[in-house]
Amino acid sequence: DGGITQSPKYLFRKEGQNVTLSCEQNLNHDAMYWYRQDPGQGLRLIYYSQIVNDFQKGDIAEGYSVSREKKESFPLTVTSAQKNPTAFYLCASSGQTNYSPLHFGNGTRLTVT
Amino acid sequence: GQQVMQIPQYQHVQEGEDFTTYCNSSTTLSNIQWYKQRPGGHPVFLIQLVKSGEVKKQKRLTFQFGEAKKNSSLHITATQTTDVGTYFCAGESAGGTSYGKLTFGQGTILTVHP
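Because the structure is predicted, anything quoted here is derived from the model rather than measured.

### A word on the sheet that holds strand 8 (residues 76–78) of chain A
Residue and element names in this part refer to chain A.
Logical step 1: Taken in spatial order, the four strands of this open sheet run 1-3-8-7, and their pairing is antiparallel. On the outer flanks of this sheet lie strand 1 (4–7) and strand 7 (64–66), each paired with one strand and no other. Going across the sheet, the axis of each strand differs from the next one's by a mean of 20°, ignoring polarity.
Logical step 2: Relative to strand 3 (residues 19–25), strand 1 runs antiparallel, the two sharing four bridges. For Q6, the partnering residue across the bridge sits in strand 3 and is C23.

### As for the interface of chain B and chain A
Logical step 1: Counting residues at the interface gives 22 residues for chain B, matched by 24 residues for chain A.
Logical step 2: Interface area for chain B against chain A, summed over the two sides, is near 1900 Å², with a carbon-plus-sulfur share of 54%.
Logical step 3: Linking chain B with chain A are one salt bridge.
Logical step 4: Here B:K101 ties to A:D59 by a salt bridge, and the two come within 3.6 Å at their closest N and O atoms.
Logical step 5: Linking chain B with chain A are three residue pairs in polar contact (both at pLDDT 80 or more), by the criterion used here.
Logical step 6: Looking at the side of chain B that touches chain A, the elements with two or more residues in it are strand 4 (29–37), strand 5 (43–49) and strand 9 (85–93) of chain B.
Logical step 7: With five residues, strand 4 of chain B is the largest single contributor of residues to the side of chain B that touches chain A.
Logical step 8: Taken together, the residues of the side of chain B that touches chain A break down into eight nonpolar, twelve polar and two charged.

### Description of the sheet that holds strand 8 (residues 71–76) of chain B
All names here are of chain B.
Logical step 1: Pairing within the open sheet is antiparallel, and its five strands lie in the order 1-3-8-7-6. The open sheet has two edge strands with one neighbour each: strand 1 (4–7) and strand 6 (55–58). The mean angle between the axes of side-by-side strands here comes to 15°, regardless of whether they run parallel or antiparallel.
Logical step 2: As paired elements, strand 3 (residues 19–25) and strand 8 share six bridges and run antiparallel to each other. Within strand 8, the residue paired with F19 across the bridge is I76.

Here is what the cut-offs are and how they apply
- Throughout, a residue's number is its position along its own chain's written sequence, starting from 1.
- Here chains are named by letter from A upward and ligands by number from 1 upward, in the order in which they appear as written.
- For this predicted model, a pLDDT threshold of at least 70 governs which residues receive local features, and a threshold of 80 or more governs which side-chain atom pairs are given and counted, while totals over whole chains, interfaces and linings are taken from all residues.
- With hydrogens and water set aside, each side-chain value is computed from the structure's full complement of heavy atoms.
- Should DSSP find at least two bridges between two strands, the strands are regarded as paired.
- Numbering of helices and strands runs from the N terminus, with a helix taken as a DSSP run of H or I at least four residues long and a strand as a DSSP run of E at least two residues long.
- All axes here are fitted lines through C-alpha atoms, helices being fitted over the stretch that makes contact, and every angle between N-to-C directions spans 0 to 180 degrees.
- Note on contacts: a residue pair qualifies if any of its non-hydrogen atoms lie within 4.5 Å across the two residues.
- By convention, the term buried area covers the 1.4 Å-probe accessible surface removed from two parts as they join, with the contributions of both added.
- Salt bridge criterion: a side-chain nitrogen from Lys or Arg within 4 Å of a carboxyl oxygen from Asp or Glu.
- Side-chain atoms alone can form a polar contact between residues adjacent in sequence; in general such a contact is a pair of N or O atoms within 3.5 Å, and within protein one must be able to donate a hydrogen while the other accepts it.
- Nonpolar residues are Ala, Val, Leu, Ile, Met, Phe, Trp, Tyr, Cys and Pro. Charged residues are Asp, Glu, Lys and Arg, and all others, Gly as well, are polar.

This is how it looks when you write it as structure tokens:
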């Protein structure tokens with residue numbers, strides 16, 4: 001069964017620590033995305049990658065980093081430089097065609113105290 | 001940068017009433033997509049509109065894309081408790097160089113009272 005797997009579902013960290021969120025897909029999609037969701041603000045794009053070994057900043061990339069070493073994987077690191085890291089993080093993928101819809105993972109809820 | 005505004009932010013209806021959410025973009029869109037997120041879940045793709053003035057229906061849901069390709073609406077007829085969730089529009093700017101770079105509206109949270 002094809003899909004996107006995000007792990008873990010809940011993550012707790014102390015302030016000042018970097019944390020990496022996992023995202024794996026077996027849909028054979030070229031493009032992958034990271035969104036952040038906060039109450040009342042919809043989904044905001046952090047980073048996206050259209051092909052392996054290449055990625056671009058989204059609208060709110062500051063304090064985050066990504067890598068795309070494999071087509072299936074697009075991990076997101078939330079660094080200590082991110083001022084408000086507590087949020088719901090969603091990974092998505094889409095096919096390499098115009099206007100392909102996004103397929104989302106179940107998300108990771110990160111709490112930093 | 002591109003902005004997508006969605007209203008209302010919240011909508012409470014009695015079961016059986018109709019519901020509409022509206023989406024407006026600051027720029028002309030190449031396409032607009034609609035997603036539904038159930039409470040505690042992740043967004044799920046509903047539909048995509050590409051043509052100016054396009055109207056699409058999915059059972060009780062009607063989606064419209066404006067003539068100028070800058071606005072869109074989702075209308076649900078005779079809501080049911082299963083319609084509960086947050087509805088998002090997401091648009092891609094026309095003439096953009098990065099395909100798939102969607103800008104999401106803030107979402108409309110729909111509550112249906114039985």
